[in-house]
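Notes for the structure review
Next come the chains, spelled out residue by residue.
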Amino acid sequence: MKKILLAQCLTSVALLTGCNLDLEPLDKLADQNYYNNRKELEVFTNGFYADFPTAENLYSETADIIVPTTLSTEVLGTRTVPQSGGGWSWGQLSNINTFLKDCSRCNDEAARKEFEAVARFFRAYFYYDKVKRFGEVPWFDEPLSSTNDRLYAPRTPRNELINNILADLDFAAENLPTAKNLYRVTKWTALALKSRVCLYEGTWRKYHGFEGYETYLKAAAEAAEMFIDNSPYTIYNAGEQPYRDLFAADKAKAEEVILARNYNSALSIVHSANLYFLSGGASPGMNKKVVNSYLMKDGTRFTDLPNYNSMQYYDEMQNRDPRLAQTIVTPGYKRIGESTVTSVNFGATTTGYQIIKWVSTTASDGYNKSQNDIPLFRTAEVMLNFAEAKAELGTLTQADLDKSVKKLRDRVGMPNINLASANSNPDPYLEANETGYPNVSGANKGVILEIRRERTIELVAEGLRYDDLMRWKAGKTFEKQFKGMFIPALDSNKHFVICDLNGNGQADAQDVCVYEGDLNNVKTYSEVANITQFLKLGVNLQLANGNNGGNIIVHDIANKQRSWNETRDYLYPIPQDQITIYGGVIKQNPEW
């Protein structure tokens, strides 16, 4: 009974958000008789897994790729200094450090090392999140109480923080199990996280003007290559739509997924992905610039086509990278397990590009009905980390692309990136400020842009985009207009236009009618007799050129509703109560 109560209590301990590091609850649970065997170590460390993001944290990401009804304060540029909270929390760290101190009671050396490795993995994960958020923070490697003087130590220099994180990850990689495990961290999870951390740190330093970026990019490439060459993982490619199935599967695909968050309706562990993407609540839609970034099926650039930006929906969806049709609704779309063609639901998307990544069968429709596992680390990301790190270093070869990006492209029948061609002919669309990549230069500019294209497409809605923009110093992209599909001009006499979404040349239930004025007047025309979706210009819909058509405009910025401060917004503000508590030892982040 004692062990059951411990596991239940640790679930709550792991969710602490305050700065109180008093350990009285842990002292009561972890008395002198605890930590004696493998099972007790495992039960205690189970609570650490609550640190991972939930399904909602990942699929509801908002940056510049996905445009929901309500934008985050980061995207809007409306963050303020919080009085308290704000992510400045140390409860889980206290939990981890307490375990690391007390697990020495266990005489089973193999078990002790394994679960010490688990704890050090999560300490690295904890501090990685803090560095991304605040920059430099104090490093604590021992349990502290509210009376301990070390609690109010100054910030630890960034170099030392990152090196401590990497030391923890190296220990984890050395001592964690090597066998696959979907729901527990392993050696391969540690290497995947190390590649992520080092790529972040290396590119952050490179694009924010700090020294030492080469060291971390080399470490990122080495960790990723060790994973690629030695791990038991590959790219999942079974079935007709393997990319789609990777995210819709109830049980994560163990061929590719290194670590997943487990969801199971039988255990009442569920989420609401189907509701989020199919209902009219958040109404997330893909940004037009991302749709433009998907290549043609033969590997040529969509944005090299004449009039690409004024193509209507049906035409622009033809002969594209198959991942586009496995990520958003395209002509001919059918739900998994269904035979009926479903068109775009304009009541459930801001842009007309309705996202269906993470959408599973109709049995999971509704609030808290989805039970598909959510990948937290997968092989595709590690391969992209490898390619990007080497491209940023200037050491990328065609063989490197063949062992990384090519495998992702092979899954969907797309040609690989050609290194020489990419660098000799950089994509002018990706170079433009609209795409959010203004700082790339040098001889490897072309392939860096192509790898960013690949990362954007492969990892959309997996919770990584905001961090990518921060490390690339590309926050100004939030100030750019968010656009949707192109709508032709309204008929000047009838005051409506029918968008032929399925390309059959006739009005039917798969299409949408955009109109102005009175809907009843529009319905008198025979052309719209079979139309079931109507969008009113000026109320439900804003077009770039009004009734003369143009792209759908979402969250108009004509009045400068969004702003990004280049010298402030790449870090979060420290809560004011912590500035006060620390007595000025910790200063506020610049310009907050």
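What comes next concerns the included structure. (Residues numbered from 1 in each chain as written. Predicted model: local features only at pLDDT ≥ 70, side-chain atom pairs only at ≥ 80, totals over all residues. Heavy atoms only, no water.)

Inspection of the entire model under this criterion finds 39 aromatic pairs. For the ring pair Phe 121 and Phe 122, a centre distance of 5.3 Å and an interplane angle of 80° mean the geometry is edge-to-face. Given a relative accessible area of 0%, Phe 121 falls into the buried group. Note that Lys 130 overlies the ring of Phe 126, its terminal NZ or CZ placed 4.3 Å from the centroid. When the ring centre of Phe 247 is taken as reference, the NZ or CZ atom of Lys 357 above it lies at 4.2 Å. (Phe/Tyr/Trp six-rings, centres within 6.5 Å; stacked < 30°, edge-to-face > 60°. Buried < 20%, exposed > 50% of the residue type's maximum accessible area, 1.4 Å probe, protein only. Lys NZ or Arg CZ within 6 Å of the ring centre and 35° of its normal.)

As a further point, take the packing of helix 6 (residues 91–102) against helix 7 (residues 109–134). Taken N-terminus to C-terminus, the directions of helix 6 and helix 7 make an angle of 155°; their axes are 10 Å apart at the nearest point. The angle between helix 6 and helix 7 places the two elements in the roughly antiparallel class. Helix 7 is crossed by helix 6, and the crossing has left-handed handedness. Across the interface between the two elements, Gln 92, Leu 93, Ile 96, Asn 97, Phe 99 and Leu 100 of helix 6 pack against Phe 115, Glu 116, Ala 119, Arg 120, Phe 122, Arg 123, Phe 126 and Tyr 127 of helix 7. Classifying every residue of the contact of helix 6 with helix 7 gives nine nonpolar, two polar and three charged. (Axes fitted to C-alpha atoms, helices over the stretch in contact; angles between N-to-C directions. Helix = DSSP H or I, 4+ residues; strand = E, 2+ residues; numbered from the N terminus. Parallel < 35°, antiparallel > 145°, perpendicular 65-115°, else oblique. Left-handed = near helix turned anticlockwise from the far one by under 90°. Contact = heavy atoms within 4.5 Å. Nonpolar A, V, L, I, M, F, W, Y, C, P; charged D, E, K, R; others polar.)

All right, on to the layout of surface pockets then. There is about 1,400 Å³ of room inside the largest pocket. Lining the largest pocket are 46 residues, with Pro 53, Asn 57, Tyr 125, Asp 129 and Lys 132 sitting closest to its centre. Only helix 4 (55–59), helix 6, helix 7, helix 9 (187–208), strand 4 (374–378) and helix 22 (465–471) provide two or more residues apiece to the lining of the largest pocket. Sorting elements by how many residues they give to the lining of the largest pocket places helix 7 first, with seven residues. Class assignment for the residues of the lining of the largest pocket results in 21 nonpolar, twelve polar and 13 charged. (1 Å grid on protein atoms, 1.4 Å probe; cavity = no way out; pocket = protein on both sides within 12 Å on 5 of 7 lines; lining within 4 Å. Points joined across faces, edges and corners; volume = space filled by probe spheres on them.)

With 26 residues, helix 7 should cover 38 Å at 1.5 Å per step; its first-to-last C-alpha distance of 37 Å lies within 8% of that length. The buried fraction of helix 7 amounts to 19 of the 26 residues, a majority that puts the element mostly inside the structure. Backbone nitrogen of Ala 110 and a side-chain oxygen of the N-cap are separated by 3.3 Å at the start of helix 7; the cap is Asp 108. (Expected span 1.5 Å × (residues − 1). Polar contact = N/O pair within 3.5 Å; in protein donor to acceptor, adjacent residues only side chain to side chain.)

A few words on the sheet that holds strand 8 (residues 533–536). Across the sheet, which stays open at both edges, the three strands sit in the order 6-7-8 with mixed pairing between neighbours. The open sheet is flanked by strand 6 (496–499) and strand 8, the only strands paired with a single partner. Strand-to-strand twist across the sheet, computed as the mean angle between neighbouring axes with direction ignored, equals 20°. Bridge analysis of strand 7 (residues 512–515) against strand 8 gives four bridges, and the strand direction is parallel. The residue of strand 8 that forms the bridge with Cys 513 is Phe 534. (Pairing = 2+ DSSP bridges.)

Once that is clear, we can look at the pairing of strand 4. The buried fraction of strand 4 is high, at five of five residues. As judged from the four bridges shared by strand 2 (residues 257–261) and strand 4, these two strands associate in the antiparallel manner. Across the sheet, the residue bridging to Val 257 is Arg 378, located in strand 4.

Mapped onto the secondary structure, Arg 562 falls in the loop between strand 9 (550–554) and helix 24 (576–581). One buried charged residue, Arg 562, forms no salt bridge at all, with the nearest opposite charge on Asp 556 at 7.6 Å. There is a polar contact of 2.5 Å between the side chain of Arg 562 and the backbone oxygen of Phe 478. Within polar-contact distance, the side chain of Arg 562 engages the backbone oxygen of His 555 at 2.9 Å. (Lys, Arg positive; Asp, Glu negative; His and termini not counted. Salt bridge = Lys/Arg side-chain N within 4 Å of Asp/Glu carboxyl O.)

Close contact between helix 3 (residues 38–46) and helix 7 brings their axes to 9 Å; oriented N to C, the two are set at 5°. In terms of their interaxial angle, helix 3 and helix 7 are classed as roughly parallel. Facing helix 3, whose interface residues are Arg 38, Leu 41, Glu 42 and Thr 45, helix 7 presents Ala 110, Ala 111, Arg 112, Glu 114, Phe 115 and Val 118. Here the residues of the contact of helix 3 with helix 7 sort into five nonpolar, one polar and four charged.

Phi at Asn 319 takes a positive value of approximately 60°, unusual for a residue other than glycine. As for its position among the elements, Asn 319 is in the loop between helix 14 (313–316) and helix 15 (322–325). Positive phi, normally seen in glycine, also occurs at Ala 461, with a value near 60°. Within the secondary structure layout, Ala 461 lies in the loop between helix 21 (445–458) and helix 22.

In this section: the nonpolar core. Counting residues in each nonpolar core, the largest one holds 172 residues, and the members touching the most others are Phe 52, Phe 121, Tyr 127 and Phe 377. Looking at this core, the element that brings in the most residues is helix 7, giving 14 residues. Discounting chain neighbours no more than four positions away, the residues touching Phe 377 are Phe 52, Phe 121, Tyr 125, Thr 189, Ala 192, Leu 193, Arg 196, Val 257, Ile 258 and Leu 259. In this structure, Phe 496, Cys 513, Val 528 and Ile 531 belong to the second largest nonpolar core, which totals seven residues. (Core = buried A, V, L, I, M, F, W, Y, C linked by side-chain atoms within 4.5 Å.)

On to helix 3, then. Of all the residues in helix 3, the buried ones are Glu 40, Leu 41, Glu 42, Val 43, Phe 44 and Thr 45. Residue Asn 37 occupies the N-cap position of helix 3, its side-chain oxygen lying 3.2 Å from the main-chain nitrogen of Lys 39.

Here we take up the side chain of Thr 456. Relative to the assigned elements, Thr 456 resides in helix 21. Looking at Thr 456, the relative accessible area reads 7%, which means it is buried. Setting aside chain neighbours within four positions, we find Thr 456 in contact with Ile 65, Val 290, Tyr 437 and Arg 465.

Under the defined criterion, the tally for this structure stands at 45 salt bridges. Notably, a salt bridge pairs Asp 229 with Lys 403, separated by 2.9 Å at the nearest N-O pair. With Asp 229 in helix 10 (residues 213–230) and Lys 403 in the loop between helix 17 (398–402) and helix 18 (405–411), this residue pair connects regions lying 174 residues apart in the sequence. Since its relative accessible area comes to 47%, Asp 229 is described here as partly exposed. Notably, a salt bridge pairs Glu 462 with Arg 378, separated by 2.7 Å at the nearest N-O pair. With Glu 462 in the loop between helix 21 and helix 22 and Arg 378 in strand 4, the pair connects residues that are 84 residues apart, well separated along the chain.

Time to look at the environment of Tyr 233. Its place among the elements puts Tyr 233 in the loop between helix 10 and helix 11 (242–248). The exposure class of Tyr 233 is buried, given its relative accessible area of 8%. Along the chain, Tyr 233 and Glu 256 lie 23 residues apart, while their C-alpha atoms are 5.4 Å from each other. Among residues more than four places away in sequence, those in contact with Tyr 233 are Lys 180, Asn 181, Trp 188, Phe 227, Ala 254, Glu 255, Glu 256, Val 257, Ile 258 and Thr 379.

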